[in-house]
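Summary of structural features
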Amino acid sequence: INAEYMGFSVIQMPPKRKPTWREATIGGTIAGITGTVLAYPLDTLKTIMQTASGKGMVRTLIDTVRQNGVLSLYRGMLAPVIGVGMIKATAFGASGAMQQYLRSRHNDPNSALSKPELALASCVSGFVCSFVVTPVERVKIAIQALQKPDSSPSSSSHPRVPSAAPPGTITTALTILRTQGLPGLFRGLNITLVREIPSYGLYFFSYEIIKAWMTPRADGNLASYQLAAAGASAGVVTWVPTFPIDVIKSRIQAGTVPYRGMADCVRKSYAESGAFVFYRGLGPALCRAVPMHATVFVVYEAVLEFLQGTPNVVVDSVVGDE
């Protein structure tokens, strides 16, 4: 089917059907792992900046690489790579299942959801996902926090070892379980719920809204660069308002200071470093968000295309007039 768009003859694809929750789960798993591997070094810098003294992103990078080596930026990646598969499977699957349920109430599996319905499905995803995110990020942050430049072993309950022999993912997880029990792995669950529900609420909601705004045709197919732009925008929109919550979560889960809860963490962090502390690490977080979430949604849509056998991604399918 051919149509005109901005002076070009554009090849239109048949309208795509909405993904089932199983397809959303598979697509989210593959997309999440791909995005995590790509952006992990920036996540390490973010965590170091959030849990260490206030230094800029470039200075933190230089000091970390000088003291611990380049590979230290990938230290602790096993937990999130394995975990992100579960996290994204849960997030995309829960959102897809909720959307599928809401469409069933319309008696049309391909019906468009209202904005409140879309927001509800997105927030449900964040709630469910929190119970997977918490132990995965507890281990990841515990390892990353040990790489603070000029840090020394702490007397807190968090397991620490000399910087010359940093613990691996499995070692750290087992040490936490042995010394703190299962509750140790779920330290920070409350603050994770506070972060994840609005985060995923904004994440999926903003992606769908931006994608709808960018769609020039009724079939809903977008070029890959448009999906990348929508995904990157959703990542940035998600991080900016929820970042202070992420800082509090990182500090609680790092275990380097014995906080008594969220309010205590806020008070002590503010007293130590002022209001700016709650946006420390935002630079690398946004630098990470753009390529990571652009990749996540391009890969996600490509996987759906493969599973459904119909194009979800139109890779610049523009034909000039002859």
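See the structure above.
The structure contained in this document is the topic of the report that follows.

What counts, and where the lines are drawn
Residues numbered from 1 in each chain as written. Predicted model: local features only at pLDDT ≥ 70, side-chain atom pairs only at ≥ 80, totals over all residues. Heavy atoms only, no water. 1 Å grid on protein atoms, 1.4 Å probe; cavity = no way out; pocket = protein on both sides within 12 Å on 5 of 7 lines; lining within 4 Å. Points joined across faces, edges and corners; volume = space filled by probe spheres on them. Helix = DSSP H or I, 4+ residues; strand = E, 2+ residues; numbered from the N terminus. Nonpolar A, V, L, I, M, F, W, Y, C, P; charged D, E, K, R; others polar. Patch = residues over 30% accessible without salt bridge, like charges linked within 9 Å, V, L, I, M, F, W, Y side chains within 5 Å. Areas by Shrake-Rupley, 256 points an atom, 1.4 Å probe, with all protein chains shown as cover. Salt bridge = Lys/Arg side-chain N within 4 Å of Asp/Glu carboxyl O.

Turning our eyes to something else, we now look at empty space enclosed by the protein. Enumeration according to the criterion identifies one cavity of 30 Å³ or more in this entry. If you add up the space inside the largest cavity, you get close to 490 Å³. What lines the largest cavity is a set of 29 residues, and nearest its centre among them are Glu 137, Arg 195, Tyr 200, Trp 239 and Arg 288. Sorting the residues of the lining of the largest cavity by element identifies helix H1 (21-51), helix H3 (78-104), helix H4 (115-145), helix H7 (189-214), helix H8 (224-254) and helix H10 (282-308) as the ones contributing at least two each. If one sorts the elements of the lining of the largest cavity by residue count, H8 sits on top with seven residues. Split into classes, the residues belonging to the lining of the largest cavity amount to 12 nonpolar, seven polar and 10 charged.

Below, the discussion takes up a nonpolar patch on the surface. A contiguous nonpolar surface patch, about 670 Å² in accessible area, is contributed by Leu 78, Ile 82, Met 86, Ile 170, Leu 174, Leu 177 and Leu 182. Every element with two or more residues in the nonpolar patch is listed here: H3 and helix H5 (169-180). Along the chain, Ile 82 turns up in helix H3.

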